[in-house]
Amino acid sequence: MSEARNVKNGILEIGGISVPDLAKACGTPLFVYDENELDQQMSGYKTYFQSDQFETEVIYASKAFTCKALLQLLEKNGLSLDVVSGGELYLAEQAGFPMERIYFHGNNKTDEELKLALDMGCKTIVLDSLMECERVVELADSLKCKIEVMIRINPGITAHTHKYIITGNLDSKFGVMFHDEDTITKMIDLIKDSSFVGFIGFHAHIGSQIFDLRAYDAVIERLIKYIKKLSKDHNLEIKCLDFGGGFGVRYTDEDQPNEIQEVCRRIIKKCEEELLKYDLHLKKIMIEPGRSIVAEAGNTIYHVGFMKKTPNKEYLFVDGGMTDNIRVALYDARYDCDLAEKMDQKKEYQYTVAGKCCESGDILIENAPLPKAETGDLLVVYGTGAYGYSMASNYNRLNRPAVVFAKEGKARVVIKRESYSDQLRLEADEEVII
Ligand code: LLP
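Residues numbered from 1 in each chain as written. Predicted model: local features only at pLDDT ≥ 70, side-chain atom pairs only at ≥ 80, totals over all residues. Heavy atoms only, no water.

Asks: How would you explain the site of the ligand if you had to name every residue and give the values?
Replies: Around the ligand, the surrounding shell holds 18 residues, and the nearest of these are Glu288, Arg291, Arg327, Tyr331 and Tyr387. At 2.8 Å from an oxygen atom of the ligand is found a main-chain nitrogen or oxygen belonging to Gly246. When the free accessible area of the ligand is taken as 580 Å², the share hidden by the protein chains comes to 87%. For the shell around the ligand, the class distribution of residues is 5 nonpolar, 7 polar and 6 charged. (Near = heavy atom within 4 Å. Polar contact = N/O pair within 3.5 Å; in protein donor to acceptor, adjacent residues only side chain to side chain. Areas by Shrake-Rupley, 256 points an atom, 1.4 Å probe, with all protein chains shown as cover. Nonpolar A, V, L, I, M, F, W, Y, C, P; charged D, E, K, R; others polar.)

Asks: Account for the pattern of salt bridges, with residues named and values stated.
Replies: Following the criterion strictly, the structure yields 30 salt bridges and no others. For Lys269, the salt bridge is made with Glu273, and the minimal N-O distance between the two is 3.3 Å. Placement of the pair is Lys269 and Glu273 together in helix α9 (residues 260-277), with a separation of 4 residues, close to one helical turn. A relative accessible area of 37% places Glu273 in the partly exposed class. It is possible to trace a salt-bridge network through shared partners that takes in Glu221, Lys270, Glu274 and Lys277. (Salt bridge = Lys/Arg side-chain N within 4 Å of Asp/Glu carboxyl O. Helix = DSSP H or I, 4+ residues; strand = E, 2+ residues; numbered from the N terminus. Buried < 20%, exposed > 50% of the residue type's maximum accessible area, 1.4 Å probe, protein only.)

Asks: Can you lay out helix α7 (residues 181-193) for me, pointing to particular residues and giving the numbers?
Replies: Since one α-helical turn is 3.6 residues long, residues separated by three or four positions face the same way. With 13 residues, α7 ought to run about 18 Å at 1.5 Å a step, and its terminal C-alpha atoms sit 18 Å apart, in line with that. Looking at the packing, one finds that the buried side of α7 touches β8 (124-127), α6 (130-143), β9 (147-154), β12 (176-177), β13 (197-203) and α8 (214-233). (Expected span 1.5 Å × (residues − 1). Contact = heavy atoms within 4.5 Å.)

Asks: Summarise the side chain of Asp338; cite the residues concerned and give the values.
Replies: Relative to the elements of secondary structure, Asp338 occurs in strand β18 (residues 337-339). Reaching out from Asp338, the side chain makes a polar contact with the side chain of Tyr382 at a distance of 2.5 Å.

Asks: Go over the sheet that holds strand β1 (residues 5-8) with me, naming the residues and quoting the values.
Replies: Across the sheet, which stays open at both edges, the 3 strands sit in the order β1-β2-β3 with antiparallel pairing between neighbours. The open sheet has two edge strands with one neighbour each: β1 and β3 (17-18). The sheet contact formed by strand β2 (residues 11-14) and β3 spans 2 bridges and is antiparallel. Bridge assignment links Ile14 to a residue of β3, and that residue is Ile17. (Pairing = 2+ DSSP bridges.)

Asks: Can you break down helix α5 (residues 111-120) residue by residue, with the values?
Replies: Taken together, the buried positions of α5 are occupied by Glu113, Leu114, Ala117, Leu118 and Met120. On the buried face of α5, the contacting elements are α4 (86-94), β7 (102-104), β8, α6 and β9. At the C-terminal side of α5, Gly121 shows a positive phi close to 80°.

Asks: Tell me what's going on with the side chain of Thr124, and back it up with residues and numbers.
Replies: Looking at the secondary structure, you find Thr124 in strand β8. When its relative accessible area of 0% is taken as the criterion, Thr124 is described as buried. Within the local environment of Thr124, its side chain forms a polar contact with the side chain of Lys123, the two groups lying 3.3 Å apart. Excluding anything up to four places from it in sequence, Thr124 contacts Ile102, Tyr103, Phe104, Ile147, Glu148, Val149, Met150 and Ile200.

Asks: Account for the environment of Ala61, naming residues and giving values.
Replies: Considering the arrangement of structural elements, one finds Ala61 in strand β5 (residues 55-61). In this structure, Ala61 is in contact with Asp82, Glu288, Pro289 and Gly290, ignoring residues within four places of it in sequence.

Asks: Mind laying out the packing of aromatic side chains, listing which residues take part and the relevant values?
Replies: The tally for this structure, following the rule as stated, stands at 12 aromatic pairs. With a centroid separation of 6.2 Å and 35° between ring planes, the pair formed by Tyr45 and Phe247 is classed as tilted. Separated by 202 residues along the polypeptide, Tyr45 in helix α2 (residues 35-48) and Phe247 in the loop between β14 (240-242) and α9 bring together distant segments of the chain. For the pair shown, Tyr45 and Phe247 are each scored as buried. Judged by centre distance (5.6 Å) and plane angle (25°), the rings of Tyr315 and Phe317 are stacked. Tyr315 gets classed as buried once you look at its relative accessible area, which sits at 18%. Aromatic ring contacts, followed pair by pair, group Phe31, Tyr33, Phe65, Tyr389 and Phe405 into a single cluster. Above the ring of Phe104, the side-chain terminus of Lys109 is found at 5.6 Å from the ring centroid. (Phe/Tyr/Trp six-rings, centres within 6.5 Å; stacked < 30°, edge-to-face > 60°. Lys NZ or Arg CZ within 6 Å of the ring centre and 35° of its normal.)

Asks: Talk me through the packing of α6 against α7; I want residue IDs and the actual numbers.
Replies: In contact at an axis separation of 10 Å, α6 and α7 are set at 5° when each is read in the N-to-C sense. Classified by the interaxial angle, the pair formed by α6 and α7 is roughly parallel. Along its contact with α6, which presents Leu130, Cys133, Glu134 and Val137, the element α7 presents Thr183, Lys186, Met187, Leu190 and Ile191. Here the residues of the contact of α6 with α7 are counted per class, giving 6 nonpolar, 1 polar and 2 charged. (Axes fitted to C-alpha atoms, helices over the stretch in contact; angles between N-to-C directions. Parallel < 35°, antiparallel > 145°, perpendicular 65-115°, else oblique.)

Laid out in structure tokens, this is it:
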């Protein structure tokens with residue numbers, strides 16, 4: 001259990017507020033983030049991802065969870081931002097996030113999105129393909145807009161959880177395969193010919209929920225060796241390398257994540273060693289954590305509704321489900337949970353926690369050990385802060401939950417609960433003129 005969660009008289013508190021009080025004030029399902037924990041994760045990366053050999057930058061991957069309040073915390077902690085769509089970019093602009101700290105990713109950015117980025121003065125576009133490179137050069141040159149670019153490389157290393165594979169994922173939809181010299185050369189030449197597009201370096205992201213840090217060693221070794229050759233062959237100045245995100249978090253006791261300090265220290269040390277080995281100097285090294293900043297700070301509170309026994313299971317139904325957490329159905333993700341007002345009771349029962357959607361796969365936790373549950377109990381699922389709200393849907397026309405930041409006994413709603421009328425705001429009956 002995270003340090004930020006306390007138990008007082010058998011009742012769970014998050015950010016110094018009891019879960020029943022949160023549920024009463026804000027309703028359920030409810031996402032509650034411990035704001036101090038968010039702050040700690042952000043400042044942890046900022047503090048430990050430092051070197052005296054090169055500059056460093058921590059770029060938060062906003063796809064994990066974003067809203068104005070989170071962006072303000074990131075800004076306060078000096079982090080930068082990775083966006084992957086016009087929508088994420090627009091939100092950042094509306095939140096007043098500094099454009100010179102935004103990196104625009106994505107494999108199929110539309111013209112509208114690229115123009116928006118150029119128009120807003122977004123700092124860097126991370127190019128994913130030759131076609132995108134052609135289009136960005138065309139647009140920047142014709143609009144006379146300056147933009148920095150990086151090239152996303154597929155380094156031929158894939159990692160997921162405890163495994164990593166060298167020369168895996170050859171057919172990934174992301175990036176340009178590192179040994180595809182022809183494509184890389186064409187991209188570099190196009191950029192060199194433009195007076196508006198400036199090349200700054202390469203990016204690689206090797207996967208998610210990675211525990212084995214040797215995967216990062218491997219990608220660092222490969223990319224630094226690679227840029228040594230490229231910079232010589234193309235007389236190219238490479239200023240920075242971005243090694244992406246993917247650092248593992250603890251969802252259940254089976255997960256043993258590395259401390260932020262250890263992740264940062266290892267990446268920095270490996271970069272320093274490899275740069276020395278190849279006698280290279282880089283201006284900056286970046287990383288892009290998403291999940292590891294927000295996952296464990298976030299929790300979902302549900303009310304237990306009806307219950308049902310089948311020959312082999314006892315179901316406990318909650319008032320949300322796959323609409324606020326699709327990760328279980330999509331990736332077979334595992335979570336821990338508790339009954340928030342029965343924290344001092346023995347977990348003598350096993351329940352299948354299921355959502356309310358018309359879908360058999362709408363299960364949140366199989367065989368969850370819990371005390372005896374009753375209708376009206378509050379169930380808390382831990383560690384739902386990443387890719388929960390950001391992947392939420394209106395399936396079955398369920399309203400998306402509210403999101404609350406709790407800190408030292410005070411809570412603030414940072415995203416309001418959706419209402420039925422909110423869901424109808426896009427209904428139209430307009431004549432289409434063709
Ligand atoms: N940078 C790039 C280019 C990425 O594609 C991603 C994640 C990240 C950084 C951040 O990775 P993180 O530190 O959050 O693992 N929906 C999935 C995760 C998809 C991740 C996609 N890219 C899930 O719920 O597990």
